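Topology and contacts: notes
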Amino acid sequence: MIPKALTIAGSDSGGGAGIQADLKTFQELNVFGMSAITALTAQNTRGVQGVFPASNECVRQQLDSIAEDLKPQAIKTGMLYRSSIIQTVAEKIKTYGWSNVVVDPVMIAKGGASLLQKEAIETLKTNLIPLSTVITPNIPEAEVLTGMKIKSNADRKQAAEMLLVLGCRSVVIKGGHHEDNLEAIDLFFDGNDFVWLRGQRIQTRNTHGTGCTFSAAITAELAKGENVLNAIRTAKSFIQAAIEHELNIGSGHGPTNHWAFQTYRMGRP
Ligand SMILES: Nc1ncnc2c1ncn2[C@@H]1O[C@H](COP(=O)(O)OP(=O)(O)O)[C@@H](O)[C@H]1O
Ligand SMILES: Cc1ncc(COP(=O)(O)O)c(N)n1
């Protein structure tokens, strides 16, 4: 069976984050990618110039069209923008019984633009996170979701425990925003074990779309039937290669290199 994955997210016209990063990542991991677009953004490596959200009906119909004909073995959510879109997505996940749900709680673009309305945070917590297999907040997102400051490793563990109480089955709190300048370390927790996933920190400004790419790689591996921790380990290796082998595209925060994992880690077939 061909593994198929669905991304429910925003479009990044610059090609480095959002739907575009997700589909490129699925493709690189040999997974057939599908998409439901929640918002169009006018965006490049310098920032977000415009946000044009889709109607609820538009999101609903995309999800129905996919579900009626194609069965994704895993799905991810990225930019959802407003509360009613989150509600629509949560309803459809339940209606279609979709499993292997990765929720990337995208809130703010690296340049500072808001990709999620403030009043939608509560809906994310109550409607969508309880349906998820894994959520992948960065440190600032984990702080918003828990209401606590995260500085030390002990803080991060405590935040992971609090996030599990929201009803997700597991969590990875990503360390890209941590002040450690030698390593980028992510923390996985599933209610039993804490696992620290370490990687060398690359000194670069080309980190546009790292979070999208990381969660898409987890989704692709889940679609193939991998368990959550193995999926996260592969995703960590995928994003490490994508940051390390930088492309230097654009004059701002450039995209990561989505073909680096295949080319340098796996060797192209
Ligand atoms: N400079 C870097 N060098 C190596 N890995 C990084 C770097 N920045 C982020 N990462 C990794 O990329 C992934 C995405 O993390 P992060 O940047 O925190 O997410 P987001 O894009 O949501 O803010 C994580 O696995 C993180 O450890
Ligand atoms: C449409 C869209 N979705 C998500 C992000 C977040 O990007 P990042 O992965 O760098 O946090 C973005 N900039 N644009």
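Predicted model, so just to flag it, every value in this text is computed and none were measured.

Looking now at the overall build of the chain. Each helix and strand in the chain was counted, giving nine helices and nine strands. The C-alpha radius of gyration of the chain comes to 17 Å, within 12% of the 18 Å expected for a compact globule of 269 residues. Counting only C-alpha atoms, the chain reaches 45 × 40 × 40 Å along its principal axes. When the 269 residues of the chain are sorted by exposure, 55% land in the buried category. Nonlocal contacts in the chain, meaning residues at least 24 apart in sequence, comprise 67% of its contacts between residues at least 6 apart.

Let us look at the UniProt feature "domain: Pyridoxamine kinase/Phosphomethylpyrimidine kinase" (unreviewed entry) in the chain. In the numbering adopted here, UniProt assigns the feature "domain: Pyridoxamine kinase/Phosphomethylpyrimidine kinase" (unreviewed entry) to residues 12-257. The span residues 12-257 is 41% helical and 17% strand by assignment, and the distance between its end C-alpha atoms comes to 16 Å.

On to the site of ligand 2. In the vicinity of ligand 2 there are 16 residues, among which Gln43, Lys110, Gly209, Gly211 and Cys212 approach most closely. A distance of 3.3 Å is found between an oxygen atom of ligand 2 and a backbone nitrogen or oxygen belonging to Gly211. Burial of ligand 2 by the protein amounts to 95% of the accessible area it has alone, namely 370 Å². Looking at the shell around ligand 2, the elements that each hand over two or more residues are strand E1 (4-12) and helix H7 (210-223). Across the shell around ligand 2, the residue classes break down as six nonpolar, nine polar and one charged.

So, on to the site of ligand 1. In the neighbourhood of ligand 1, 16 residues make up the surrounding shell, with Asn138, Lys174, His177, Asp186 and Lys236 lying closest. A distance of 2.7 Å separates an oxygen atom of ligand 1 from a polar side-chain atom of Lys174. Contact distances for ligand 1 include 2.6 Å between an oxygen atom and a side-chain N or O atom of Asp186. Here ligand 1 has 560 Å² of accessible area as a free molecule, and 94% of this is covered by the chains. Of all the cavities here, the one that holds ligand 1 is the largest pocket. Contributions of two or more residues to the shell around ligand 1 are made by H7 and helix H8 (228-244).

How each quantity is defined
Residues numbered from 1 in each chain as written. Chains lettered and ligands numbered in written order. Predicted model: local features only at pLDDT ≥ 70, side-chain atom pairs only at ≥ 80, totals over all residues. Heavy atoms only, no water. Helix = DSSP H or I, 4+ residues; strand = E, 2+ residues; numbered from the N terminus. Rg over C-alpha atoms; globule rule 2.2 N^0.38 Å. Buried < 20%, exposed > 50% of the residue type's maximum accessible area, 1.4 Å probe, protein only. Contact = heavy atoms within 4.5 Å. UniProt positions renumbered as here; feature names shortened; annotations may be inferred. Near = heavy atom within 4 Å. Polar contact = N/O pair within 3.5 Å; in protein donor to acceptor, adjacent residues only side chain to side chain. Areas by Shrake-Rupley, 256 points an atom, 1.4 Å probe, with all protein chains shown as cover. Nonpolar A, V, L, I, M, F, W, Y, C, P; charged D, E, K, R; others polar. 1 Å grid on protein atoms, 1.4 Å probe; cavity = no way out; pocket = protein on both sides within 12 Å on 5 of 7 lines; lining within 4 Å. Sits in = over half its atoms within 2 Å of the grid points.

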